[in-house]
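Structural characterization, general
Read off the chains here:
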Amino acid sequence: MICWWQRDYIKINLHQLTKIFLKTSFLLSIFFCAWIEAAASLSDIRVIDGDTVHAVHNGEKIKIRLAEIDAPEMDQPFGQKSKSYLSDLLRNKSVTFISNGKGSWGRVLATIYANQTNVNNSMVKFGMAWVYDRYVKNTDLYKDQNLAKDQNLGLWSQSSPIAPWKWRKKNR
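Scope of this entry: the structure provided in the associated data block. Because the structure is a prediction, the values reported are computed rather than measured.

Attention shifts here to the nonpolar core. Within the largest apolar cluster, 33 residues are counted, with the highest numbers of intra-cluster contacts made by Ile64, Leu86, Leu90, Phe97, Ile112, Val119 and Met123. Elements with a contribution of two residues or more to this core: strand E3 (52-57), strand E4 (60-66), helix H2 (79-90), strand E6 (95-102), strand E7 (108-114), helix H3 (119-125), strand E9 (130-131) and helix H4 (141-150). By residue number, the principal contributor to this core is E7, which donates four residues. Apart from residues no more than four positions distant in its own chain, valine 119 is found in contact with Leu66, Leu86, Leu89, Leu90, Ile112, Tyr113 and Ala114.

The following block contains the structure:
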């Protein structure tokens, strides 16, 4: 029988404590990451254009810019259709968002989810917005954009669509 004051007893317990510590740390890190990534809910949603919404979160009015995408401007061809499509994606759905911080115009940059479907991706996938080359982090968006192009979906059905950042530079 090994007693607590003997060397082997201490080795076994230190080994067991290390395993417990590592497992606990791992579980806490998963919980912490899930807590940080938790989507926050939105209400009273008003679509401004194909990549901007105004909404209420925790009783506060906020302006959200859909991250990593750029939709046609309202005075640009396909601008109204892009706005309508975004409205349809959000209408009568449980809408949440994950913030990526704030942009230069003071808007919250975010990924929006409607019934747990990534709205930012859907806008690109169905040809209602471009991948915003300058700010993209999720390069998988390019796969969706290329599929939309190949299938002539949305704005890609036009003979020569102009990216919004080029449109703004030319028209302002």
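Further remarks concern the side chain of asparagine 118. Turning to its location among the elements, asparagine 118 is positioned in strand E8 (residues 117-118). Given the relative accessible area of 19%, asparagine 118 is considered buried.

Before going further, it helps to examine the packing of aromatic side chains. Applying the stated rule across the entire model yields four aromatic pairs. Ring centres of tyrosine 85 and phenylalanine 126 lie 6.0 Å apart, and the angle between their planes is 45°; on these two criteria the pair is classed as tilted. Remark: phenylalanine 126 occurs in the loop between H3 and E9 and tyrosine 85 occurs in helix H2; sequence separation between them is 41 residues. Look at tyrosine 85 and you get partly exposed, because its relative accessible area is 22%. Residues tryptophan 130 and tryptophan 156 carry aromatic rings whose centres are separated by 5.4 Å and whose planes lie at 65° to one another, so their mutual orientation is edge-to-face. Placement of the pair is tryptophan 130 in strand E9 and tryptophan 156 in the loop between H4 and helix H5 (164-171), with a sequence separation of 26 residues. Residue class for tryptophan 130 comes out buried when judged on its relative accessible area of 6%. The structure contains a cluster of three or more aromatic residues connected by ring pairs, namely Tyr132, Tyr135 and Trp165.

What counts and how
- Residues numbered from 1 in each chain as written.
- Predicted model: local features only at pLDDT ≥ 70, side-chain atom pairs only at ≥ 80, totals over all residues.
- Heavy atoms only, no water.
- Core = buried A, V, L, I, M, F, W, Y, C linked by side-chain atoms within 4.5 Å.
- Buried < 20%, exposed > 50% of the residue type's maximum accessible area, 1.4 Å probe, protein only.
- Helix = DSSP H or I, 4+ residues; strand = E, 2+ residues; numbered from the N terminus.
- Contact = heavy atoms within 4.5 Å.
- Phe/Tyr/Trp six-rings, centres within 6.5 Å; stacked < 30°, edge-to-face > 60°.

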